[in-house]
Structures are given as C-alpha cells and as structure tokens.
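Residue-level structure breakdown
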Amino acid sequence: MKQVHVRPADGLIVRIPGRPNEVLPPEGASVPISAADPYWQRRIADGDVIISKAPAKAAAKKES
C-alpha cells in the first residue's frame, strides 16, 4: 500500500480514522493512500491536509 506524508492545514485538527481519540500531529505523519480507503484522499482534495516531506529523523538532529 502506498504511503504519503501529510500534515494538517493551518488551524485545522484532523482526526485519524479508526482511532477516535487521536489527531494528526502538527508535524504530520505517513498515512496510507488507497482507492479502497478514500478518507485521506478526501482530506487532501478538501484541503484539510497538505502533502509534505517527512521531517528529518531524530538521529539526524542528534548529530548537529
């Protein structure tokens, strides 16, 4: 299944499907994009989330 990194649009809180008490963190997360599950496709089309690059890993930050 294809994965894409998304983050919420400015000022929005986006819930994660199947996890009613969890929201998409401001820095974003990798989510599955599938024709069988159109939830994230709708969020992208509606402008609720923005496709972005994944942030640098914690290990890379430790080297600085």
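Above this text is the structure in question.
Overview of the structure. (Residues numbered from 1 in each chain as written. Predicted model: local features only at pLDDT ≥ 70, side-chain atom pairs only at ≥ 80, totals over all residues. Heavy atoms only, no water.)

**Description of the pairing of strand β1 (residues 2-8)**
The line we're drawing: At least two bridges found by DSSP between two strands are what make those strands a pair. Working definition: helices are DSSP H or I runs of at least four residues, strands are E runs of at least two. Numbering for both runs from the N terminus.
Strand direction decides the pairing type here: β1 and strand β4 (residues 29-33), joined by 5 bridges, are antiparallel. Looking at the pairing, Val6 lines up with Ala29 of β4. Where β1 and strand β5 (residues 49-51) come together, 3 bridges link them in antiparallel fashion. Counted as the bridge partner of Arg7 is Ile50 from β5.

**Here we look at the nonpolar core**
Within soluble globular proteins, side chains that are nonpolar generally end up buried alongside one another. Spelled out, the test is: Only buried residues count toward a nonpolar core. Its members are Ala, Val, Leu, Ile, Met, Phe, Trp, Tyr and Cys residues joined through side-chain atoms within 4.5 Å. The classification of residues rests on relative accessible area computed with a 1.4 Å probe and restricted to protein chains. Under 20% of the type maximum is buried, over 50% is exposed, and intermediate values are partly exposed. In this analysis, two residues are considered to be in contact whenever any of their non-hydrogen atoms come within 4.5 Å of each other.
Membership of the largest hydrophobic core is limited to 8 residues, which are Val4, Val6, Val14, Leu24, Val31, Tyr39, Trp40 and Val49. Not counting chain neighbours up to four residues away, the residues in contact with Val4 comprise Ala29, Ser30, Val31, Ile33 and Ile51.

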